[in-house]
Amino acid sequence: MSPTQSYHQLFALTGPLYIAIAFVGRIPLAMSQIASLLAVSAATGSYTAGGATAGALAVANAVGAPVAGALTDRVGQRSVLLVQSVLGTLGLAALALLTATHTAGEAWWPLPLVAALGGAFVPQVGTMARVRWRPISRASRSQDPRVMDAAFSYEGAADEASFVLGPALVGVIAAVAAPVTSLVVAALLLGAFGTWFAIHPTGALVGPSPRATTATRGRLITPALLVLGATQLSIGMLFGSVQTGTSVLTTQAGNPGLTGLFHALLGVGSVLAGLAVVALPERYGYVLRLRWFAAALVLLALPLLAVDTLGGLALVLLGLGFAVAPSMITTFTLAERVTPVRRLGAAMTLLAAATGTGYAVGAALAGRLADLGGHAPAFAVTVVATVLALALALLGGRVVRRSPGAQAELADRAGSTVPETAELEPVG
């Protein structure tokens, strides 16, 4: 089955409308951080206030998402996502109103507080969409494992695309209207598409088993999930340090406005590679893939240490992107394989939270080093992050492959008795 056929079969399970709803529904999260940064900075005249507001929103979302994910495992996605979408919309709207009415000289501390309250409820639609594909496939009686491979490849690429389009949309809005308008647009998109995603019929397919108990739901935190979470943390560090290093280099070159465009190049390569992952032969198992993709991250990140021009930076970022999405797709796929099916919501959101935490850590470390030595030390954080990802892939692969309970969960999901090792490491 070609990649085109795989995606055609995948999208046929739900129809194009659901694909569009799930994609647009994740854009408000991609917009919210940079929108709050620009809006609050413009309203207060303080980058400190803008950074604090954006940071508060991001941290609150990283904390709230796993809680919401665990709730979806207990009561189903529909009710949780509906509450999140409504409260998240009100939170972003309140932040927009408070920002628009802020006057010079006023204390700005309420802005990060409101941003945190709103950010805690903005749903991570991408992670919830990943969880839906297994029950969607089962309900459609599709047993082809390549369909699920296509699902995770698509979702990884869709996430990358949303984090390219989200900031770009904020930039376009800020160019033609007041920066606070981008917060209003994010709130409207969340209110419309977040709630639409919540009440979509596919949401009813994700819910707890009537017979589920605390014991039968299975363990959430396992050594395998910790390894995968640490891997996502390192990839998040890559994102944060690359954005910081890119900002420093473009500013030194006298073009600070190009930071977003250059960071988008990382996403372009990532989207293309993510869509192509489904073409990999089945004989290349997921643990093996993670090791090779992590090695590619290291090799493609090393040239950042020698970059000193914007042209060179563009080429390196475009190349590095080709290893980013495949690494993330493989990590999330492995997490889906080794996590009990009734804990998938919590597991997926934990990995997403680890990515966000890594972003904050990478940005902070790179920013501190950039103050001391410019863009090169900032990009050194990127290289260290990729080395960490490779070490985890090499040393933690055995832990992931032999995760307890994976065989039973895989048999339950696929309706077969395929051994765990055959699913994680196909023999060719």
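**Q** How should the nonpolar core be read in this particular structure?
**A** Side chains that are nonpolar tend, in soluble globular proteins, to be buried together. In terms of nonpolar packing, the biggest core is built from 97 residues, with Phe 197 and Leu 320 touching the most fellow members. Looking at this core element by element, the count peaks at 14 residues for helix H14 (residues 310-338). Contacts of Phe 197, omitting those with residues within four sequence positions, involve Tyr 18, Ile 21, Ala 22, Gln 77, Leu 81, Val 125, Met 128, Ala 129 and Arg 132. Ranked by size, the runner-up nonpolar core spans seven residues in total, among them Val 248, Ala 370, Ala 378 and Val 381.

**Q** I would appreciate a short explanation of the pattern of salt bridges in the present structure.
**A** Oppositely charged side chains may form a pair once their charged atoms are brought near each other. One pass over the full model with this rule turns up five salt bridges. The partner of Glu 336 in a salt bridge is Arg 337, and the shortest N-O contact between them spans 2.9 Å. Note on accessibility: Glu 336 and Arg 337 belong to one class, buried. Residues joined in a network through salt bridges with shared partners are Arg 26, Arg 130, Glu 155 and Asp 159.

**Q** I'm lost on empty space enclosed by the protein in this one. Help?
**A** Any empty space left between atoms is shown by rolling a water-sized probe over those atoms. By the definition in use, this model includes two cavities of 30 Å³ or more. Quantified by volume, the largest cavity comes out at close to 50 Å³. Around the largest cavity, the lining residues are Asp 149, Phe 152, Ser 153, Val 277, Tyr 286, Arg 289, Ile 329, Thr 330 and Thr 333. Mapped by element, the contributors of at least two residues to the lining of the largest cavity are helix H8 (145-176), helix H13 (286-301) and H14. Class assignment for the residues of the lining of the largest cavity results in four nonpolar, three polar and two charged. Put simply, the second largest cavity is a space of about 40 Å³.

So, how was this worked out
Residues numbered from 1 in each chain as written. Predicted model: local features only at pLDDT ≥ 70, side-chain atom pairs only at ≥ 80, totals over all residues. Heavy atoms only, no water. Core = buried A, V, L, I, M, F, W, Y, C linked by side-chain atoms within 4.5 Å. Buried < 20%, exposed > 50% of the residue type's maximum accessible area, 1.4 Å probe, protein only. Helix = DSSP H or I, 4+ residues; strand = E, 2+ residues; numbered from the N terminus. Contact = heavy atoms within 4.5 Å. Salt bridge = Lys/Arg side-chain N within 4 Å of Asp/Glu carboxyl O. 1 Å grid on protein atoms, 1.4 Å probe; cavity = no way out; pocket = protein on both sides within 12 Å on 5 of 7 lines; lining within 4 Å. Points joined across faces, edges and corners; volume = space filled by probe spheres on them. Nonpolar A, V, L, I, M, F, W, Y, C, P; charged D, E, K, R; others polar.

Keep in mind that these numbers describe shape and distance, not what the molecule does.
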